[in-house]
Amino acid sequence: MPQTLKQLNLVLDTITDGVMVVDPQGFVLYANQAAEQLLERGCLIGQSLAIPIPNDKIQFQDINLIRPSGIAWAEMRSAPLQWEGAAAYVIALRDITARKQAEMALQESELLFHTLSKIAPVGIFRTNQLGECDYVNHRWCEITGLPFSKAHGSGWESGLFAEDRDRVVAEWTRNLATLQPFNMQYRFQHADGSLRWVVGRADPELDDAGNLCGYVGTITDISDIKANEERLSQAAAVFESTREGVMITDAERHILMVNKAFTEITGYGNDEVVGKNPSILSSGRHAQAFYREMWASIASTDHWQGEIWNRRKNGELYPELLSISTIRNLDGNITHYVGVFADITKLKASEKELEFLAHHDPLTKLPNRMLFLSRLQHNIEKARRQETTMAVLMLDLDRFKDVNDSFGHLAGDDLLQMVADRLSARLRSIDTVCRLGGDEFVVLLEEVLHPEAVALVATQIINTLSQTWRLASGHEVRIGVSVGIALFPDHGTSPDELIQHADTALYQAKNEGRNRFKYFSEDLTRAARERIDIEIRLRQAIERGELRVFFQPQIHIDSGEIVGAEALVRWQTASGELIPPLRFIPIAEETGLITAIGNWVLRETCRQGKRWLEAGLKPLRLAVNLSPQQFLHSDISDVVAKILLETGFPADYLELELTESALMKREKEAIEILRQLHTLGVHLAIDDFGTGYSSLAYLKLFPMDVLKIDKSFIEDIPLNNDDMEITATIIAMAKTLRMRVVAEGVETAAQLAFLKSRQCDLYQGYLTSTPLPVAVFEKFLSDYRPH
């Protein structure tokens, strides 16, 4: 071998790149040691290579090398040359396996980062070495309300809540300067106007030299947690700050929690009573019958309030005003009992010592202003805590001065005492009547259900005090009374406000002619007087026979035939005015008149149905609504049986409709009543389905024949997809329970077409007819032709 070639071989064997010479067919003509090591072959000369054969141009490319130990990567450079007088190619290979593996690892890492960033439930952000934001994920934008374009750089600071911005920016700047992790809670002002609480965390990324590359961090939305913390904090503050003792037990009456006031009143700490029965406080002064009656009241009304004697830890007996309430879950099951009590030891002592001297009017024996204000303040606090309504009534006797002037002050005192007795007898035990002085009285009505109820009390007081009075002297006198009414919290939230506003209303009542009542609000006065007027007129209407039964036909959807009708009560006055049911039915329910009205409608419907049968008309099934009072409190099975016997109307043609609320008030009792009615042979329908709170578990136990879909689901068909789906579901459910389905309030052909497509059985509504008087209904029947 020439000396020059030997030197060339020596040079080529000392470099780290593999060098080979191959012929056009790929057979190796020459290879240095680096090439043999890279390809992991002993002697390459004469072997064929599985690498791309170069063309006649100089090339650069990365290739895969398949070696016994696995795949490797190499950077290949090739060029043509003459080798020993023949065409050949020189190939140089540089091992880039480590670089390629690093690049692939980086790509996998970036892909994993972006994938996690997309699905992460937290907002993710990244900054450069200056702390400027250069990346955020989609969740970050959702939480902050900022678009991607505003997140970069320091733009994210604009989304911070103004009160938090300086604090957050200062902390971020400090962490950036000291290369410390960032961790704090702050708020973003979202684009929708809401505040979003977040926990922001970020850690610095440093290179090998300790230089900052940037920060990577997250923000987590903790708005719901903050809201819950605030609610719990408020509840805890109320629980601990109230001056009344509070005790919470489980359904088995084991004490779960007591507040600070409980410990102060009883002397027992939380750890001494938790898990025990409240009977540890028993004084022994009440018989077992007292507790049985108390728990019977709680079982029937979910509430009890009264005075009770209990025993402190040191053995001392004390009186307390106790209120026990039942807590139920959504299924109606009892989960807890809550007892709230106030130590009334001092009140009891003061009542004993100063009952007449300090707290009562010596003439009438009624509470005086001081006691009234005390009770009023106490009841304001209770009403505020229980979110109930109460009322203050100011009373001023009309023509009382005439009695004094005519018969003397003794006669006036005699009259005041009788007025006090009548007022006390007229009011409930929980109410308070007080004599303020002269001929002025004030009444406190607790737990008022609605404002109009106060007007009823005021009217009864006016009627009671307007009667003839016989004095002890034998003289007969007549007086009147004007009443001013103020409601808590609508007309005042303090004793002074309520009394002042009731007094203002009293002044207005006297100016309007005396012997009447007036609310502090003119609208309430007008509504209450109208309500009382309706009640009086309704009682007269029943006596005068002004009620009417109208009938609305029920149509079989497939055949178009009239197969039944719903009986609906109407009130037509002697002057011809037709008063709508919405004006008088609620009043009838509250005054107890609804049962008499309902029974009259039932009897009149059966009578009319019998007349139609005797006249040879096609038999129709007549549907009559039963009110909850009628159903649960009037022995309805006996009433229906007697009416059917009295009228001779066949039970099979009578259908009784009940609302969900009537059925669900006392489910087990309702099931028994329904079974009794079914035994009579009448049909039973559940009315206004979908508007109540029925339990499907109970619904399948009710022996019902018909389900009526409330018109509120029908009226928006076919414009409202939700109503269409609900209606279709109700029909399917009813079919599963083998019940006929009647749709109420059908007014358009499109509604009817939809109901027909869902196999609804019957419909009623203005599309065919409004409710009609008997004579008009009879003509409608004769003229009607199925479509």
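Please read these numbers as outputs of a predicted model, since none were measured by experiment. (Residues numbered from 1 in each chain as written. Predicted model: local features only at pLDDT ≥ 70, side-chain atom pairs only at ≥ 80, totals over all residues. Heavy atoms only, no water.)

**What about the overall build of the chain?**
Then, in step 1: Assigned secondary structure in the chain consists of 28 helices and 31 strands.
Then, in step 2: Taking 2.2 N^0.38 as the reference for a compact globule, 787 residues should give roughly 28 Å; the C-alpha atoms of the chain span a radius of gyration of 45 Å, well beyond that estimate.
Then, in step 3: The 787 residues of the chain split such that 44% are buried.
Then, in step 4: If you take every contact in the chain between residues at least 6 apart in sequence, the share linking residues at least 24 apart comes to 55%.
Then, in step 5: Accessible surface, the chain as shown: approximately 40600 Å² in total, 54% of it carbon and sulfur.
Then, in step 6: Here the chain carries 81 positive and 108 negative side-chain charges, and the mean point of each set is 5 Å from the other. (Helix = DSSP H or I, 4+ residues; strand = E, 2+ residues; numbered from the N terminus. Rg over C-alpha atoms; globule rule 2.2 N^0.38 Å. Buried < 20%, exposed > 50% of the residue type's maximum accessible area, 1.4 Å probe, protein only. Contact = heavy atoms within 4.5 Å. Areas by Shrake-Rupley, 256 points an atom, 1.4 Å probe, with all protein chains shown as cover. Lys, Arg positive; Asp, Glu negative; His and termini not counted. Charge placed at Lys NZ, Arg CZ, Asp CG, Glu CD.)

**A word on unusual backbone geometry**
Then, in step 1: Cis peptide bonds are those with omega within 30 degrees of zero, and the linkage from Phe 488 to Pro 489 qualifies with 5 degrees.
Then, in step 2: Mapped onto the elements of the fold, Pro 489 is located in the loop between β21 (480–488) and α16 (495–511).
Then, in step 3: For the bond from Ile 717 to Pro 718, the omega torsion is 5 degrees, close enough to zero to count as cis.
Then, in step 4: In this fold, Pro 718 is placed in the loop between α25 (711–714) and α26 (721–736).
Then, in step 5: If you check the backbone angles, Arg 738 has positive phi at about 60 degrees while not being a glycine.
Then, in step 6: Note that Arg 738 resides in the loop between α26 and β30 (740–743).

**Structural notes on the packing of helix α21 (residues 636–647) against helix α23 (residues 667–680)**
Then, in step 1: Taken N-terminus to C-terminus, the directions of α21 and α23 make an angle of 15 degrees; their axes are 9 Å apart at the nearest point. Taken together, α21 and α23 sit at an angle that is classed as roughly parallel. Classified by chirality, the crossing of α23 by α21 is right-handed. Taken together, the residues of α23 that come into contact with α21 (itself represented by Ile 636, Ser 637, Val 640 and Ala 641) are Ile 673, Gln 676, Leu 677 and Leu 680.
Then, in step 2: Of the residues in the contact of α21 with α23, the class split is 6 nonpolar, 2 polar and no charged. (Axes fitted to C-alpha atoms, helices over the stretch in contact; angles between N-to-C directions. Parallel < 35°, antiparallel > 145°, perpendicular 65-115°, else oblique. Left-handed = near helix turned anticlockwise from the far one by under 90°. Nonpolar A, V, L, I, M, F, W, Y, C, P; charged D, E, K, R; others polar.)

**Here's the deal with the sheet that holds strand β15 (residues 334–343)**
Then, in step 1: Spatial strand order, β12-β11-β15-β14-β13: 5 strands in an open sheet with antiparallel pairing. Each edge of the open sheet carries a strand with a single partner, namely β12 (255–258) and β13 (303–311). Going across the sheet, the axis of each strand differs from the next one's by a mean of 25 degrees, ignoring polarity.
Then, in step 2: Relative to β12, strand β11 (residues 245–250) runs antiparallel, the two being bridged by 3 bridges. Within β12, the residue paired with Thr 249 across the bridge is Ile 255.
Then, in step 3: Helix α10 (residues 288–301) rests against β13, β14 (317–328) and β15 of the sheet, and its axis sits at about 150 degrees to β13. (Pairing = 2+ DSSP bridges.)

**Focus: the environment of Asn 314**
Then, in step 1: Within the secondary structure, Asn 314 is located in the loop between β13 and β14.
Then, in step 2: A distance of 2.9 Å separates a polar atom in the side chain of Asn 314 from the backbone nitrogen of Glu 316. (Polar contact = N/O pair within 3.5 Å; in protein donor to acceptor, adjacent residues only side chain to side chain.)

**As for the pattern of salt bridges**
Then, in step 1: As enumerated under the stated definition, the model contains 35 salt bridges in all.
Then, in step 2: Asp 398 serves as the salt-bridge partner of Lys 510, at 3.3 Å between the closest nitrogen and oxygen. One end of the pair, Lys 510, is in helix α16; the other, Asp 398, is in strand β16 (residues 389–398), and 112 residues separate them in sequence.
Then, in step 3: Residue classification places Asp 398 among the buried positions, given a relative accessible area of 0%.
Then, in step 4: Glu 561 serves as the salt-bridge partner of Lys 618, at 3.7 Å between the closest nitrogen and oxygen. Of this pair, Lys 618 sits in the loop between α19 (593–614) and β26 (621–625) while Glu 561 sits in the loop between β23 (547–556) and β24 (562–572), and the two are 57 residues apart along the sequence.
Then, in step 5: Take Lys 618: its relative accessible area is 49%, and that puts it in the partly exposed class.
Then, in step 6: Three or more residues are tied together by salt bridges with common partners; here these are Glu 163, Asp 164, Arg 167 and Arg 187. (Salt bridge = Lys/Arg side-chain N within 4 Å of Asp/Glu carboxyl O.)

**Focus: empty space enclosed by the protein**
Then, in step 1: Under the criterion given, the structure shown has 2 cavities of 30 Å³ or more.
Then, in step 2: Reported here for the largest cavity is a volume of approximately 120 Å³.
Then, in step 3: Around the largest cavity, the lining residues are Phe 125, Thr 127, Gly 131, Cys 133, Trp 140, Trp 156, Trp 172, Phe 182, Tyr 186, Phe 188 and Ile 219.
Then, in step 4: Listed by contribution, the elements that provide at least two residues to the lining of the largest cavity are β6 (123–127) and β8 (182–189). (1 Å grid on protein atoms, 1.4 Å probe; cavity = no way out; pocket = protein on both sides within 12 Å on 5 of 7 lines; lining within 4 Å. Points joined across faces, edges and corners; volume = space filled by probe spheres on them.)

**A short note on the nonpolar core**
Then, in step 1: By size, the foremost hydrophobic cluster in this structure holds 75 residues, and its most contacted members are Phe 631, Leu 654 and Leu 656.
Then, in step 2: If we skip the residues at most four places from it in the chain, Phe 631 touches Ile 636, Leu 658, Ala 662, Leu 663, Ala 670, Ile 673, Leu 674 and Leu 677.
Then, in step 3: In this structure, Leu 416, Val 419, Phe 441 and Val 454 belong to the second largest nonpolar core, which totals 38 residues. (Core = buried A, V, L, I, M, F, W, Y, C linked by side-chain atoms within 4.5 Å.)

**Description of helix α14 (residues 409–426)**
Then, in step 1: Its 18 residues give α14 an end-to-end C-alpha distance of 25 Å, which sits within 8% of 26 Å, the value for a rise of 1.5 Å per residue.
Then, in step 2: Taken together, the buried positions of α14 are Ala 411, Gly 412, Asp 414, Leu 415, Leu 416, Val 419, Ala 420 and Leu 423.
Then, in step 3: Against the buried residues of α14 lie β16, α13 (400–407), β17 (432–437), β18 (440–448), α15 (451–465) and β19 (468–470). (Expected span 1.5 Å × (residues − 1).)

**Re the environment of Phe 550**
Then, in step 1: Relative to the helices and strands, Phe 550 resides in strand β23.
Then, in step 2: In this structure the C-alpha to C-alpha distance between Phe 550 and Phe 777, which are 227 residues apart in sequence, comes to 8.1 Å.
Then, in step 3: The residues contacting Phe 550, other than those within four sequence positions of it, are Glu 566, Ala 567, Leu 568, Arg 570, Leu 578, Pro 771, Leu 772 and Pro 773.

**Describing the sheet that holds strand β9 (residues 195–206)**
Remark on secondary structure: sheet strands pair via backbone hydrogen bonds, oriented parallel or antiparallel.
Then, in step 1: Pairing in this open sheet of 5 strands is antiparallel, and the strands run β7-β6-β10-β9-β8 from one edge to the other. With one partner strand each, in any of the chains shown, β7 (133–136) and β8 form the two edges of the open sheet. On average, each strand axis in the sheet is inclined to that of its neighbour by 25 degrees, with strand direction left out of account.
Then, in step 2: The pairing of β6 with β7 spans 3 bridges and is antiparallel. Each bridged residue has a counterpart across the sheet, and for Arg 126 the counterpart in β7 is Tyr 135.

**Observations concerning the environment of Ala 162**
Then, in step 1: Along the polypeptide, Ala 162 turns up in helix α6 (residues 162–178).
Then, in step 2: As a C-alpha pair, Ala 162 and Asn 721 span 559 residues in sequence and 43 Å in three-dimensional space.

**A word on the pairing of strand β27 (residues 654–659)**
Then, in step 1: Extensive coverage of β27 is indicated by the burial of 5 of its 6 residues.
Then, in step 2: In the sheet, β26 pairs with β27 via 4 bridges, with the strands oriented parallel. The residue of β27 that forms the bridge with Leu 622 is Leu 654.
Then, in step 3: Bridge count for β27 against strand β28 (residues 683–689) is 5 bridges, and the pairing is parallel. Counted as the bridge partner of Leu 658 is Ile 686 from β28.

**Notes on the confidence of the model for the chain**
Then, in step 1: For the chain, per-residue confidence averages 85 on the pLDDT scale, and 91% of positions sit at 70 or higher.
Then, in step 2: Across the chain, the secondary-structure element scoring lowest on mean pLDDT is helix α24 (residues 696–699), at 63, and the one scoring highest is strand β31 (residues 762–763), at 94. (pLDDT = per-residue confidence, 0-100.)

**What to know about the packing of aromatic side chains**
Then, in step 1: Tallying each qualifying case throughout the model produces 19 aromatic pairs.
Then, in step 2: Ring centres 6.3 Å apart and planes at 65 degrees place the aromatic pair Phe 125 and Trp 172 in the edge-to-face group. Separated by 47 residues along the polypeptide, Phe 125 in strand β6 and Trp 172 in helix α6 bring together distant segments of the chain. Each of the two residues, Phe 125 as well as Trp 172, counts as buried. (Phe/Tyr/Trp six-rings, centres within 6.5 Å; stacked < 30°, edge-to-face > 60°.)

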